[in-house]
Amino acid sequence: MRGLVLILSAAVALCGAAPMLEPVTCSGDMLNASIRFAIQHINTHQDHGYKFKLSEIVTLSGNRCTMMMRVKLQETKCHISNPKHFEDCEVRHAGETVVMAECVVTLSIEVDVASVVSHKCQTTKVVETALSCPDCPRLRNLTDVDGLQRIRGAISKYNIINATEHYFVLSDVGRMSISYISSLGMNHMAEFAMVETHCPVGSRIVPEACTPLCPDRARHVFCKSREDPSVSYLSCETYPAVHKVDLQPGEIEPVCPLPRFDPAFQCIEAPKDIHPICSWPHQPLMQQRR
């Protein structure tokens, strides 16, 4: 019978998670500040996947008040729900399927107020061949039916064992992968995010049908799971709510539109087993396919 090993880390503190960015103005050497501002914008406007950080500056053009930059970014291990600043996040290394993005960002500064006019990125993965890394896990599509079923099973166990106030539901699948270990057999791995819902623990409502709390009032959980024929392993980090104010007597918990995980509504600028950096301003998928 397969056992469950569940390891939960302490809640990640929000203090110091997002240091203030330097002001970006038309005067002086604003290169580093401009690049940090651009990457912060990219990460802020991602509603799925992981945060990215600078890998290389390719080209820069324009003047002090209008800048176009081409930069190479590398995916980190911090999910977008993680409050940690992107520059403090660890990147993936060989054997972990490195993901890179080359982005063209247009930045404009008016009256010492900087704004990103647009960014467009090409996201690709660095694939290790079976010859160079025979034991490296291979990514599965984010819509893989078997993988999603395993994730739902892990969330169900989490709600039974660890949920103390409200149930949690799936908000994003970060990665799914599979590998073969001769001594163990098939090894199934996943990384996924959950969000706190309105449903109190013990509610008769099926957790999957529960409505998520507003993003800034909800706790978020990021988990890594692994299953082989002998054991199931689940390791999770819990991120506290950004703005959790107790409701006044008679006050109803606000309801916010929060799309559930659905890769069909993401941009189509990358393979289906990784999360691309979507172009901004966002374009409808039909327009992207033209």
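Procedures and definitions
- Residues numbered from 1 in each chain as written.
- Predicted model: local features only at pLDDT ≥ 70, side-chain atom pairs only at ≥ 80, totals over all residues.
- Heavy atoms only, no water.
- Phe/Tyr/Trp six-rings, centres within 6.5 Å; stacked < 30°, edge-to-face > 60°.
- Helix = DSSP H or I, 4+ residues; strand = E, 2+ residues; numbered from the N terminus.
- Buried < 20%, exposed > 50% of the residue type's maximum accessible area, 1.4 Å probe, protein only.
- Lys NZ or Arg CZ within 6 Å of the ring centre and 35° of its normal.
- 1 Å grid on protein atoms, 1.4 Å probe; cavity = no way out; pocket = protein on both sides within 12 Å on 5 of 7 lines; lining within 4 Å.
- Points joined across faces, edges and corners; volume = space filled by probe spheres on them.
- Nonpolar A, V, L, I, M, F, W, Y, C, P; charged D, E, K, R; others polar.
- Patch = residues over 30% accessible without salt bridge, like charges linked within 9 Å, V, L, I, M, F, W, Y side chains within 5 Å.
- Areas by Shrake-Rupley, 256 points an atom, 1.4 Å probe, with all protein chains shown as cover.
- Salt bridge = Lys/Arg side-chain N within 4 Å of Asp/Glu carboxyl O.

Draft legend 1. Expanded view of the packing of aromatic side chains. Applying the stated criterion across every chain, the model contains two aromatic pairs. Between Tyr 50 and Phe 222, the ring centres sit 6.2 Å apart and the planes meet at 90°, which makes this aromatic pair edge-to-face. Taken together, the positions of Tyr 50 in strand β2 (residues 50-62) and Phe 222 in strand β9 (residues 220-227) put the pair 172 residues apart, joining distant regions of the chain. Judged by relative accessible area, Tyr 50 falls into the buried class, the value being 1%. Taking relative accessible area as the criterion, Phe 222 reaches 5% and is therefore assigned buried. With centroids separated by 5.7 Å and ring planes inclined at 85°, the aromatic side chains of Tyr 158 and Phe 168 adopt a geometry described as edge-to-face. Of this pair, Tyr 158 sits in helix α2 (residues 145-161) while Phe 168 sits in strand β7 (residues 166-181); the two residues are 10 residues apart in sequence, bridging distant segments of the chain. The ring of Tyr 50 has Arg 92 lying over it, and the distance from NZ or CZ to the ring centre is 4.6 Å.

Draft legend 2. Fine view of empty space enclosed by the protein. In this structure the tally under the stated criterion is two cavities of 30 Å³ or more. By volume, the largest cavity amounts to about 80 Å³. Contributing to the lining of the largest cavity are Arg 140, Gly 147, Arg 150, Ile 151, Met 176, Ser 177, His 188, Met 189, Ala 190, Ser 225, Arg 226 and Glu 227. Of all the elements in the fold, those that place two or more residues in the lining of the largest cavity are α2, β7, β8 (185-200) and β9. Residues that form the lining of the largest cavity fall into these classes: four nonpolar, four polar and four charged.

Draft legend 3. Structural detail: unusual backbone geometry. The residue after Trp 280, namely Pro 281, is reached through a cis peptide bond having omega 0°. Secondary-structure assignment places Pro 281 in the loop between β10 (231-239) and α3 (285-288).

Draft legend 4. Quick peek at a nonpolar patch on the surface. A cluster of nonpolar side chains, contributed by Leu 54, Ile 57 and Leu 60, occupies part of the molecular surface with about 220 Å² of accessible area. Here Leu 60 shows up in strand β2.

Draft legend 5. Fine view of the layout of surface pockets. Each pocket or cavity is described by its volume, and for the second largest pocket that value is around 370 Å³. Looking at the second largest pocket, it is lined by 17 residues, and the ones nearest its centre are Arg 92, Pro 137, Ser 177, Met 189 and Glu 191. Every element with two or more residues in the lining of the second largest pocket is listed here: β7, β8 and β9.

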